[in-house]
Amino acid sequence: MPDRIVHVIDDVITFARLEAGHVTYTIGPVSAREVLRVADAVVAPLAIDHNIRIEVHACPEDLVVSADGDKLKQILVNLMANAIKFTGANGAVTLRCHGDAESVWFEVQDTGPGIDADRLRDI
């Protein structure tokens, strides 16, 4: 539980910095496979607490993305935690990535009810 509180506080600070325009990025090569591994490890306890199955589809071992690794991990953790929050017990959250010569895509999918159509524009 204390780790989650630290992450929530860190997220609040990050959002405040974003709004103030004071966020710095450290861009470099990041292993897509490692990003998935870390995101899975961070949210696994939450998934267990909610009786949610996490499915991680492995990326090719050599798939590398140019990004700020810490922020990319934080984004995926936030998306997965949100998916867990809105997926009912015995549901599943799936994390996968794929790429080509120019781009890498990360996907978070869940078996929850989805977002109301009238809220999509706000999001």
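Predicted model only: the values in this text are computed from it and were never measured. (Residues numbered from 1 in each chain as written. Predicted model: local features only at pLDDT ≥ 70, side-chain atom pairs only at ≥ 80, totals over all residues. Heavy atoms only, no water.)

Visitor: Before we go on, may I ask you to explain the pairing of strand E3 (residues 64–67) in this structure?
Guide: Along any regular strand, the residues point their side chains to alternate faces of the sheet. On E3, burial follows the alternation: Val65 and Ala67 on one face are buried, whereas Val64 and Ser66 on the facing-out side are not. Note that strand E1 (residues 28–31) and E3 share four bridges and pair antiparallel. Within E3, the residue paired with Pro29 across the bridge is Ser66. (Buried < 20%, exposed > 50% of the residue type's maximum accessible area, 1.4 Å probe, protein only. Helix = DSSP H or I, 4+ residues; strand = E, 2+ residues; numbered from the N terminus. Pairing = 2+ DSSP bridges.)

Visitor: What is the right way to read the pattern of salt bridges from this model?
Guide: Per the counting criterion, the structure on display carries six salt bridges. A salt bridge links Asp122 to Arg119; the shortest N-O distance between them is 3.7 Å. (Salt bridge = Lys/Arg side-chain N within 4 Å of Asp/Glu carboxyl O.)

Visitor: Is there a simple way to explain the packing of helix H2 (residues 32–49) against helix H3 (residues 69–86) in this structure?
Guide: How two helices sit against one another is set out by the angle between their axes and by the gap between those axes. Interaxial distance between H2 and H3 falls to 9 Å at its minimum, and their mutual angle equals 35 degrees. Crossing of H2 against H3: the hand is right-handed. Between H2 and H3, the contacting residues are Val35, Leu36, Val38, Ala39, Val42, Val43, Leu46 and Ala47 on the first element and Leu72, Lys73, Leu76, Val77, Met80, Ala81 and Ile84 on the second. Tallied by class, the residues present in the contact of H2 with H3 amount to 14 nonpolar, no polar and one charged. (Axes fitted to C-alpha atoms, helices over the stretch in contact; angles between N-to-C directions. Left-handed = near helix turned anticlockwise from the far one by under 90°. Contact = heavy atoms within 4.5 Å. Nonpolar A, V, L, I, M, F, W, Y, C, P; charged D, E, K, R; others polar.)

Visitor: Sorry if this is basic, but what is going on with the side chain of Asp68 here?
Guide: Following the sequence through the fold, Asp68 ends up in the loop between E3 and H3. The class of Asp68 is buried, set by a relative accessible area of 9%. Of note is the side chain of Asp68, whose polar atom sits 2.8 Å from the backbone nitrogen of Thr26. Non-local contacts of Asp68, meaning those with residues more than four positions away in its chain, are made with Thr24, Tyr25, Thr26 and Ile27. (Polar contact = N/O pair within 3.5 Å; in protein donor to acceptor, adjacent residues only side chain to side chain.)

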